[in-house]
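# A look at the structure
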Amino acid sequence: MALEPLKFQDEKPPRPAAPGKKWIRVTKAVNGIDTEVWEEVSDDAGGPQWGPRDQMRLVSRAIPRVDGPDKVSGRAMYSSDMRLPGMVYARVLRSRVPCGTVKLDLEAAKAIPGVLAVIALNNGNIDWLGRPIAAVAATTPELAEDGLRAIVATYEEQPFAVTPEQSAAENAPKVNSRGNVRTLSKNTDSSEVDAALGKAAKRVQGTWKIPVQHHASLETHGVVVDYRGGAEATIYASTQGTFTIPGDAAGRLGLQGGQVTAVVEHMGGGFGSKFGMGIEGDAACQLAKELGRPVHLMLDRATEFHAAGNRSGGEHTLEAGLDDKGQIVAIKGRVTRHGGVGQGSGHPIPYIYGRDAKVFVEDRCIHTHTDSSRAMRGPGHPQASFSMEALMDECAYASGLDLLEIRRINLADNRRELYMRQLERCAALIGWDKHPFKNAPDLSKSELKVGIGFAIARWGGGGNGQCKVEVRIAQDGSVEVLSGTQDLGTGTRTYCASIVAEELGLELGAVRPRIGRSTFGSANASGGSTTSPSLSPSVKHAAHNARLALFEKVAPLLGVKPDELAVGLGEIHVAAKPSQKIAWKDACAALGPAGLSAQGEWQAHLASSDVGGAQAAKVQVDTLTGEIKVLDMVAVQNCGLLLNRMAVKSQLQGGMVQALSYGLFEERVLDPDLGLFLNANFEDYKIAGVREIPRMQVEFEDDPRGVIGMAEAAVIPGHSAIANAVRNACGVRVFDMPVTADKVLVGLEALRKKG
Amino acid sequence: MKNFTYVMPTSLEQVVELLPGPRDLKTRDRVKVLAGGQDLLGELKEHLVEPEQVVNLKGVPGLAALTQQAGAWQIGALATLAALEENAALRASHTLVAEAAGSVGSTQIRNQGTVGGNLCQRPRCWYYRHEQAVCIKKGGAECFAYGGLNKYNAILGGGPSYIVHPSDLAPALVAAGATALIRGKKGERTVELERFFTLPSEGAVTRENVLAPDEVLVRVDVPAMAGWKSTYVKFRERSSYDFALAAVAAALRIEGGKVAEARLVLGGVAPVPWRCEKAEKALVGRKIDAETCRVVGELALEGAEPLAHNAYKLPLAKGLITKALTKLATA
Ligand SMILES: Cc1cc2nc3c(=O)[nH]c(=O)nc-3n(C[C@H](O)[C@H](O)[C@H](O)COP(=O)(O)OP(=O)(O)OC[C@H]3O[C@@H](n4cnc5c(N)ncnc54)[C@H](O)[C@@H]3O)c2cc1C
Ligand code: SF4
């Protein structure tokens, strides 16, 4: 029996769709907990259509990002780049202890010339390490830093539990009133699964450990609050949700939501950690209100690590029972999430495989005195993938089956075709047919060994109806597309322009995208791969309406009815007689001085949901040093309509790199005795660099569906494929990520001793 | 960082004049010398040192010189790592030194970092680098790594501090038989580089070398290595940039297929560059084969006492020794 929120992708909607409606599956992240829900949406096929793909000029092609030159030349203004007249710099002080109380004496800090304001941020109770406790504003960042250090914080430290082991121990200090170890699942009866395991021909088990990963966005969390008293404020925020800012900020500033404008021109990464103002935003508002001056507050890197969220870690103890053909008949497991003071995203075990097995999974979380986890790219799925794909390979080796065969046997009937097609294509791309170790790892004594591993992913990526888009055509022929949405570096700005340019028969550069401002049309926050499937249909709709409105104006000039017109490149002509035409500029001249404005809303039929992808990795293990070198990674991904092939390809590659880094390097390290975060910096919190990047190949399986969000599926399987490849290469199964050389060496020694 | 005064003297006399007296052990960190700043700036920003004065060496002429005479090299303290890495003659005569320089950090760090700064850099132990952890190295009472998270710490020569010396150049230069030229208020002295570094149990635990408060490193002299083949093999967890988990500086003089003379120094495993004299002696008269590598590996790691999380350094260091010797034998 699978647990409540952790549903299979192919589970049916609650009932058949009403006439004119259809079901889509969307991911909603609420307080860092992701949930996949079915939504019934209008399926009005009469509106705009994407049209035949082979006739597209811009959409579905590979186009460089329109903001690329600004970014590489430094012209792009990120929120942290904002400089305003009279602006002051703020920093936050974080708690040195994980648990206890603190009394603050702010006087010495206030006395420093240039320090303008010092505020306490909470009531003195501390229940997690690094919790922000005070903030300082000063005329320079250095003085703000001096101010922080001058605050006299007197702690009364209490016993703490910063690691799950400490927290789960007997008589452990309490993290919260709900208990340190909480069982979240409802089902307590495992008898059916126990019976099935008892009858199984083979049993395979293991305990996998997953570290806490950090989002590690290059731009840290923070805002520039431009409030100088009066009735209006502007917030320049590094956020994934332009519209998550004004309400929060207004509350803090004592204004109405409508009096606050959020601006997000460019932001330097969020990966699920940047929704709402956060403690840092609240502090900046408080300081701005006190000073009547603009306040710049971006977290320093160490505070970013301590207090800006993370991907929950976990521990998965799994046992599979197999029949004599290699089919998994039963899965029993205990899944523990490590989400700090939070509960952590659900780790959906069993992940994709084991559809026909009897399943019993106990789902728990262990709380620690550390920052709450937040959503992070594909919340819960990379964690689940890590243990599940390892379990699959162990099942294969235990049964003497090919690594692809075990997957074929254990995929549900309605998923088998998709995933096997993708896995086989990955196998072909990575050279599986010539690989000698298909159903047993290489246990030979050679120094350098090569292994291959596979893994698969699923995601929803459906859209929703929150976006309102405007397209403006001016009398001089210039065109703008406006939406409040934000571009996380994913290429949102580019497809806003390309969709409109395509629809109106213009070159890409002729359409100016204006986004990242809450005074423009509303838009959803970017989470769960929902941005493009929500926004692009609305952009298309607005462009479509703009074209129709323009046709109304132009038809009389050509002496035909509006519905007889069509666009050509830079012109409008009579569909049946293209030589009867009017140039774009001349057509727009017919508009009044106010030009033309058209609105667009979400069109469910232009979006879709549900993606699946497979990846494979080839690694080389040096048995003398334990060094793991990833030689190749390949991805085959289904996708719906690709808005920009180049951008989606880099999504995939970015996901593969992030997964590689997760699998081989990244790990938060806390000292359990001292209660200190030992690697809150980019030296000791290791992230893959250029030399770690393998050859990468990405292939898309184009399909006729509408637009689907492509961000999360990309990051889910890579590390699992790499860990499996290491095992395949040298026989060592590293159960706890990251998979590092030292663990490989220790594993090799153990294998040697075993003979 | 805490505010300080900044001076840029133009001669070594002026530099040492600005430094504390030779016996001012307690107050020695009131003045810090600055070379490339790749380590010092991190220390200042993390408040690991809070000097009142920073003395920039870069105003002293000639300190960056890199010169050769009859195969012997004089390397000025301000010579950059990039200069060593890119010098073709040095790479030919003292391969291990050029390779070690090239293995440091990233291109940016090698462009900026100097030989003096590299040899005098402070430990990377993450307890040392955490302002709140006041361990023995920082004047506290306890080594937190000893019973704590010690994956990156020493397996040899540890106690009471278990740092590993972070410098890549150090093992290579020790293997090359280099000497250090030191300048203090009373004048100059030279020290074999091997004796320059101090174990926490023999020197002051809060320091890593013999420099007195009034002294700076001026130059490193490397004797000629005619007839030697040498290499520096470093293992990094992340090859893009990382300190050594373990490293081997090896030099062999091979005559008639057999080792006539050998130098073997390990990095990343001990608080000082770890000279393996027994292993060096054992190499003499042998040809390099699997058995020799095994024997040498055992001898080199003799006496190793791994902590809870760093036993892997034993097979790792042995594996690197095998790689280094095999490379030299087949080069
Ligand atoms: C991210 C990163 C990665 C790194 N990776 C490596 C690595 O892989 N391998 C490695 O070996 N190092 C590494 N380093 C460490 C080190 O910064 C560099 O190796 C560099 O060589 C230091 O030289 P510098 O001139 O910048 O030293 P500085 O920072 O200027 O000085 C370092 C220390 O030495 C003292 N000092 C400098 N010159 C003298 C002198 N002539 N006499 C007496 N004392 C002196 C200074 O007071 C200071 O305490 C890394 C550093 C960073 C930040
Ligand atoms: S190894 Fe040295 S620097 Fe590290 S905790 Fe121990 S005493 Fe401190």
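Up top you'll find the structure we're talking about.
Computed from a predicted model, the values in this text were never measured in an experiment. Counting from 1, residues in each chain are numbered in the order their sequence is written. Naming scheme: in the order in which they are written, chains are lettered from A and ligands are numbered from 1. Where local features are concerned, this predicted model is filtered to residues with pLDDT of at least 70; where side-chain atom pairs are given and counted, the filter is 80 or more; whole-chain, interface and lining totals use all residues. Note: side-chain values were computed over all heavy atoms of the structure, leaving out hydrogens and water.

### Some points on the overall build of chain B
Counting from the N terminus, the helices are DSSP H or I runs at least four residues long and the strands are E runs at least two residues long. Secondary structure summary: chain B contains 13 helices and 12 strands in total. This radius of gyration counts C-alpha atoms alone. The globule rule is 2.2 Å times how many residues there are, raised to the power 0.38. In terms of C-alpha radius of gyration, chain B reaches 19 Å, essentially the compact-globule figure of 20 Å for 331 residues. Taken over the C-alpha atoms alone, chain B extends approximately 60 × 50 × 35 Å along its principal axes. Throughout, exposure labels follow a simple rule: accessible area from a 1.4 Å probe, protein chains only, divided by the maximum for the residue type, with under 20% read as buried, over 50% as exposed, and the rest as partly exposed. The buried share of chain B, reckoned over its 331 residues, is 59%. Accessible surface, chain B: about 13,000 Å² in total, of which carbon and sulfur atoms supply 52%. By the counting rule applied here, Lys and Arg register as positive and Asp and Glu as negative, while His and the ends of each chain are not counted. All charge positions are set by atom: Lys at NZ, Arg at CZ, Asp at CG, Glu at CD. Side chains of chain B give 40 positive and 34 negative charges; the mean places of these two sets differ by 2 Å. Areas reported as accessible are Shrake-Rupley estimates using a 1.4 Å probe. Residue values count occlusion only from the protein chains shown.

### Considering the pattern of salt bridges
Should their charged atoms come close, side chains of opposite charge can pair. The working definition used for a salt bridge is a side-chain nitrogen of Lys or Arg within 4 Å of a carboxyl oxygen of Asp or Glu. Applying the stated criterion across every chain yields a total of 64 salt bridges over all chains. The salt bridge partner of D67 of chain A is R493 of chain A, with a shortest N-O separation of 3.2 Å. Here D67 of chain A is found in the loop between strand 2 (33–42) and helix 1 (68–73), whereas its partner R493 of chain A is found in helix 12 (residues 492–504), with 426 residues between them in sequence. Overall, D67 of chain A belongs to the buried group, its relative accessible area being 4%. For R493 of chain A, a relative accessible area of 6% corresponds to the buried category. The partner of D29 of chain B in a salt bridge is R207 of chain B, with the nearest N and O atoms 3.7 Å apart. Here D29 of chain B, found in the loop between helix 1 (12–18) and strand 2 (31–34), pairs with R207 of chain B, found in the loop between helix 10 (193–196) and strand 8 (216–222); they are 178 residues apart in sequence, far enough to count as distant.

### Concerning the interface of chain A and chain B
Many structure descriptions define interface size as the accessible area lost when the parts assemble. Residue contacts follow a heavy-atom distance rule, with two residues in contact if any of their heavy atoms lie within 4.5 Å. With 33 residues of chain A in contact, the opposing surface of chain B contributes 31 residues. Between chain A and chain B, roughly 2,900 Å² of surface is buried when both sides are summed, and carbon and sulfur atoms account for 55% of that area. Take the accessible area each of two parts loses on contact, using a 1.4 Å probe, and add the two losses: that sum is the buried area. Area buried by chain A at its contact with chain B is led by R149, E683 and K686 of chain A, which between them contribute 20% of it. Linking chain A with chain B are 7 salt bridges, by the criterion used here. Between D242 of chain B and K686 of chain A there is a salt bridge; the shortest N-O distance is 3.0 Å. Within 3.5 Å is the distance limit for a polar contact, defined as a pair of N or O atoms, with the added protein rule that one can donate a hydrogen and the other accept it, and that residues adjacent in sequence qualify only through two side-chain atoms. The tally of links between chain A and chain B comes to 20 residue pairs in polar contact (both at pLDDT 80 or more). Among the secondary structure elements, those contributing two or more residues to the side of chain A that touches chain B are helix 3 (141–150), strand 28 (670–671), strand 29 (676–677) and helix 17 (741–754) of chain A. With 5 residues, the top contributor of residues to the side of chain A that touches chain B is helix 17 of chain A.

### Comments concerning the site of ligand 2
We define proximity as follows: a residue is near a molecule or strand when any one of its heavy atoms falls within 4 Å of that partner. What surrounds ligand 2 is a group of 13 residues, the closest being C125, C135, C143, S161 and Y162 of chain B. Among the residues forming the shell around ligand 2, the class breakdown is 10 nonpolar, 2 polar and 1 charged. Residues are grouped as follows: Ala, Val, Leu, Ile, Met, Phe, Trp, Tyr, Cys and Pro are nonpolar; Asp, Glu, Lys and Arg are charged; all remaining types, including Gly, are polar.

### Looking at the environment of D610 of chain A
Residue and element names in this part refer to chain A. Mapping D610 onto the fold places it in the loop between strand 25 (596–600) and strand 26 (611–622). Residue D610 is classed as buried on the basis of its relative accessible area, which comes to 14%. For the pair formed by D610 and A713, sequence separation is 103 residues and the distance between their alpha carbons is 9.7 Å.

### Concerning the site of ligand 1
All names here are of chain B. Around ligand 1, the surrounding shell holds 32 residues, and the nearest of these are V33, G36, G37, T114 and D168. Contact between ligand 1 and G105: an oxygen atom at 3.0 Å from a main-chain N or O atom of the residue. The contact in question runs from an oxygen atom of ligand 1 to an N or O atom on the backbone of P166, over 3.3 Å. Isolated, ligand 1 exposes 980 Å² of accessible area, and the fraction of that covered by the protein chains is 94%. Among the elements of the structure, strand 2, helix 7 (115–120) and strand 8 are those that each provide at least two residues to the shell around ligand 1. Counting residues per element, the shell around ligand 1 draws most heavily on helix 7, which supplies 4 residues. Across the shell around ligand 1, the residue classes break down as 16 nonpolar, 11 polar and 5 charged.

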